[in-house]
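The residues making up each chain are set out below.
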Amino acid sequence: MKAKELMIPSPEYLHPDDTLRTAVNLLRTARRDEDKLGTKGLPVLDENSKLVGMLSMADILRAVFPFYMGMMELGEFSWDGMVEEVAAKSEDKHVDNVMSKNVITVNEDASLMECIDHMLKNRIKRLPVLNKEGRVVGMLYERDVFFAVTKAMLEKEGGAIE
Amino acid sequence: MSPEAVDPIVINTTFWIATAIFVIAYGLIVSEKIHKTMIAIFGAALVIVLGVLEQREAFHIEEFGIDWNVIFLLISMMVIINIMRPTGVFEYIAIKSAKLGKGEPFKILAIFAVVTAVMSAFLDNVTTVLLIAPVTLLIADALDVDPIPYLISNAIASNIGGTATLIGDPPNIMIASKAKLEFMDFIYNLSPVIIVTMVVYLIAIKFIWGKSLKTKDELKDRVMQMNEKEAIKDPVLLKKSLFVLGVVIAGFVMHGALHLEPATIALFGAGLLLLLSGIHNPHHVLAEVEWPTIFFFMGLFIIIGGRVKVGLIEMASNEVLAITQGNMFATSMVVMWFSAFASAFVDNIPYVATMNPLIIDMAQKLWPDLSGIALLHKPELMPVWWSLALGACLGGNGTAIGASANVIVVGMAEKAGHKISFVKFMLYGMPIMILTVAVSTIYVWLRYYVLGI
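Since the structure is predicted, the reported quantities are computational estimates derived from the model, not experimental observations.

Draft legend 1. Representation of the overall build of chain A within the structure. When helices and strands are counted, chain A shows 7 helices and 8 strands. Counting the 162 residues in chain A, one finds 22% classified as buried. The long-range fraction of contacts in chain A, counting pairs at least 24 apart against all pairs at least 6 apart in sequence, stands at 62%.

Below, the structure is given as structure tokens:
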């Protein structure tokens, strides 16, 4: 099994200059297979269609989480309405200020084990899949890898998949 | 007095090698193009490789090499703080202080300044700022006020407060070690002037920010509703930490009588707290020691040791003597004001590391018959040490790069979306630096030259 057989092909993507308002709209409604459900992450491509980052749900949470709260234990001292205030101030921020820039990718011909290797070692749940020219051709999700792995287990037992 | 110090300075290849390493290393440190620790380590290695110092001198001889007193004092205090931090005591103190101000923005600013100064007298300035500034930003957000005055004031107050004691700021630790001064010497000689300076500082900020900071009553409630008791995560460890901290401070107060160096007291405290804390593996606590700072010190001591060995420091001290003509009041004043302006623009740690041997060399020339403590503690020399400490520590307030605490708050302000430009910091920092050094000038003049106490 290779990355390109498991990936969700040609995903939707964001531009670094998009505002967070645009980005979260897309994050909330992006399609996954045939179901219309919120996605956990979108690739960010520049004008040359080169991958420059990933924007995930965690990045959005990080955008409303003041950095100083990460420096000490201050969670107990926040107040009701704090998130809403920061969220309102953050909607005009640009995607490139919030996205994760160190993106781990796999080649479309990468083996399944290589994909698992990246996911476990980097604690990530999704991998952009690149073709030989370095263009993003799809996204590989932990969920799909999980199904591939469990399928292998169940088939070995000789039982049918329920 | 050591016999080699009277030898004439020989200008040979080694002299030029030591000079070149020093000039290039300091130039690179000031330029901030390469991390200062890497420069210090490589410079120190070159000093030994090129034969300016022997390894034995760099590692084991107090006059030329690493000052382990400074190193172990810094490491031990960092270990103690690293163990204390997760107890939540620092969050508790900061939230309690904000509530003490009843949510009034200026009152909170003033109380934070005092708390920061007091904490900084016992902890490293950078540590203090890292423990206070996050809460400062939270309170500023809660009150919807500009956080910049709070951040700038945090840095300035930590630099002022750190001047008060032997352990408050690295320059004092270095001066104490070289001049063989005790913890209580700093309390008697520097704490009084720092208390006065803090009062002057509070009056100054009343004029600067007293009117501009305003908030709404309903926002004050946000602060008043914070329950500082929730901050305490580990009451048992907190009690143990406070006990050890008490032992350490008592140890500092009595270290002269106990004939123990401050580094020994701090090391004892760190070891005791590690044992009492119930930590099974000290890996984390030790990994969080600021090793880049520690290695910066070690490298720097060796580079300066090379300069001392070849006589470069002696040449500089001849120059200073030529200017001051042996007038000790003039020397104190030159040292204080030159140190202040020098420390405003360059790191005060390499500056003081250079000045210490220079002052000792100068003293050897002025009083060739004396040596050891009799020389270092010659009554005429004491005000020069205090002037060096006051100038080098308070000078850090002058610019955004004058002290590590300033660099940290400027970085935090930028992260919070409020840029503090170099000029903006200087607009507050420089007048306050001049004001506080002026207070120190009057103090040194009055106490040591008029009253003679």
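Still more to cover.
Draft legend 2. Structural context of the overall build of chain B. If you tally the helices and strands in chain B, you get 23 helices and 0 strands. A globule of 453 residues ought to have a C-alpha radius of gyration of about 22 Å, and chain B, at 22 Å, matches this closely. Each principal axis of the C-alpha distribution contributes one length, and for chain B these read about 75 × 50 × 45 Å. Taken over 453 residues, chain B has a buried fraction of 51%.

Draft legend 3. Region of interest: the environment of Gly161 of chain B. All names here are of chain B. Within the secondary structure layout, Gly161 lies in helix H8 (residues 148-162). Put simply, Gly161 and Gly402 are 241 residues apart on the chain and 15 Å apart in space, counted from C-alpha to C-alpha. Those residues in contact with Gly161 that lie beyond four places of it in its chain are Thr116, Ala117, Val118, Ser120, Ala121, Gly168 and Ile194.

Draft legend 4. Quick look at the interface of chain A and chain B. Contacts between chain A and chain B engage 10 residues on the former and 18 residues on the latter. Among the residues forming the side of chain A that touches chain B, the class breakdown is 8 nonpolar, no polar and 2 charged.

Draft legend 5. Local environment of the pairing of strand E7 (residues 126-130) of chain A. Residues and elements named next belong to chain A. Burial runs high along E7: 4 of the 5 residues are buried. The sheet contact formed by strand E6 (residues 106-107) and E7 spans 2 bridges and is parallel. Note that in E7 the partner of Asn107 across the bridge is Leu130. As defined by bridge partners, E7 adjoins strand E8 (residues 136-141) across 5 bridges and the pair is classed as antiparallel. Its bridge partner lying in E8, Leu127 is registered against Leu140. Here E7 hands over to E8 after 5 residues, with Gly134 in that stretch at a positive phi of 85 degrees.

Draft legend 6. Fine view of the sheet that holds strand E1 (residues 8-9) of chain A. Residues and elements named next belong to chain A. Pairing is mixed in the open sheet, where 4 strands are placed in the order E1-E8-E7-E6. The sheet is open, and its two edges are formed by E1 and E6, each paired on a single side. As defined by bridge partners, E1 adjoins E8 across 2 bridges and the pair is classed as antiparallel. If you follow Ile8 over to E8, its bridge partner there is Met139.

Draft legend 7. Spotlight on the confidence of the model for chain B. Residues and elements named next belong to chain B. With 98% of its residues at a pLDDT of 70 or more, chain B has an overall mean of 92. Here helix H17 (residues 312-324) stands out as the least confident element of chain B, with mean pLDDT 86; helix H21 (residues 382-395) is the most confident, with 97. In the model output, the complex is listed with pTM 0.86 alongside ipTM 0.77.

Draft legend 8. The arrangement of the packing of H17 of chain B against helix H19 (residues 348-366) of chain B in detail. All names here are of chain B. Packing of H17 against H19 leaves a shortest axis separation of 9 Å and a crossing angle of 65 degrees. Relative to H19, H17 is oriented so that their crossing is right-handed. Contacts from Ile313, Glu314, Ala316, Ser317, Val320 and Leu321 of H17 reach H19 at Pro357, Leu358, Asp361, Met362 and Lys365. Here the residues of the contact of H17 with H19 are counted per class, giving 7 nonpolar, 1 polar and 3 charged.

Draft legend 9. Representation of the nonpolar core. Among the nonpolar cores identified, the biggest contains 153 residues, and Ile80, Ile303, Leu388 and Val409 of chain B are the most heavily contacted of them. Among the elements that line this core, the one with the most residues is helix H7 (residues 125-143) of chain B, at 13 residues. Beyond its immediate chain neighbours, meaning those up to four positions away, Ile303 of chain B contacts Ile21, Phe22, Ala25, Ala40, Gly43, Ala44 and Val47 of chain B. With 11 residues, the next largest nonpolar core counts Leu14, Val44, Leu55 and Val95 of chain A among its residues.

Draft legend 10. Inspection of the packing of helix H4 (residues 68-84) of chain B against helix H9 (residues 170-179) of chain B at higher detail. All names here are of chain B. At a minimum axis separation of 9 Å, H4 and H9 run at an interaxial angle of 140 degrees. As the angle between them shows, H4 and H9 are arranged oblique. As H4 packs across H9, the resulting crossing turns out to be right-handed. Across the interface between the two elements, Asn69, Val70 and Leu73 of H4 pack against Ile173, Met174 and Ser177 of H9. Looking at the contact of H4 with H9 residue by residue, the classes come out as 4 nonpolar, 2 polar and no charged.

Draft legend 11. Up close: the pairing of strand E4 (residues 41-45) of chain A. All names here are of chain A. Along E4, 4 of the 5 residues are buried, which leaves the element largely enclosed by surrounding structure. In terms of strand pairing, E4 meets strand E5 (residues 51-56) through 5 bridges, oriented antiparallel. Across the sheet, Pro43 pairs through a bridge with Met54, a residue of E5. Between E4 and E5, which pair antiparallel and follow one another directly, the connecting turn spans 5 residues, one of which, Ser49, has a positive phi of 60 degrees.

Draft legend 12. Structural detail: helix H14 (residues 262-276) of chain B. All names here are of chain B. Across its 15 residues, H14 extends 21 Å between first and last C-alpha, which sits within 8% of the 21 Å expected from 1.5 Å per residue. If you check which residues of H14 are buried, you get Pro262, Ala263, Ile265, Ala266, Gly269, Ala270 and Leu273. Buried residues of H14 fall within an arc of 160 degrees about the axis and therefore sit on the same side. Contacts from the buried residues of H14 go to H4, H9, helix H10 (183-189) and helix H13 (235-258). Phi turns positive, to about 80 degrees, at Gly278, one or two residues after H14.

Draft legend 13. Region of the structure containing helix H2 (residues 20-29) of chain A. Residues and elements named next belong to chain A. Along H2, the positions that sit buried rather than exposed are Leu20, Ala23 and Leu27. Down the axis of H2, the sector holding all buried residues measures 60 degrees, keeping them to one side. Summarising the geometry of H2, the exposed residues directed more than 90 degrees from the buried face are Arg21, Asn25, Arg28 and Thr29. Among the structural elements, E4, E5, helix H3 (57-64), helix H4 (82-90) and helix H5 (95-98) are those in contact with the buried residues of H2.

What counts and how
Residues numbered from 1 in each chain as written. Chains lettered and ligands numbered in written order. Predicted model: local features only at pLDDT ≥ 70, side-chain atom pairs only at ≥ 80, totals over all residues. Helix = DSSP H or I, 4+ residues; strand = E, 2+ residues; numbered from the N terminus. Buried ≥ 20, exposed ≤ 12 C-beta atoms within 10 Å, placed from the backbone. Contact = placed C-beta atoms within 7 Å. Rg over C-alpha atoms; globule rule 2.2 N^0.38 Å. Nonpolar A, V, L, I, M, F, W, Y, C, P; charged D, E, K, R; others polar. Pairing = 2+ DSSP bridges. pLDDT = per-residue confidence, 0-100. Axes fitted to C-alpha atoms, helices over the stretch in contact; angles between N-to-C directions. Left-handed = near helix turned anticlockwise from the far one by under 90°. Core = buried A, V, L, I, M, F, W, Y, C linked by C-beta atoms within 7 Å. Parallel < 35°, antiparallel > 145°, perpendicular 65-115°, else oblique. Expected span 1.5 Å × (residues − 1). Arc of directions from axis to C-beta.

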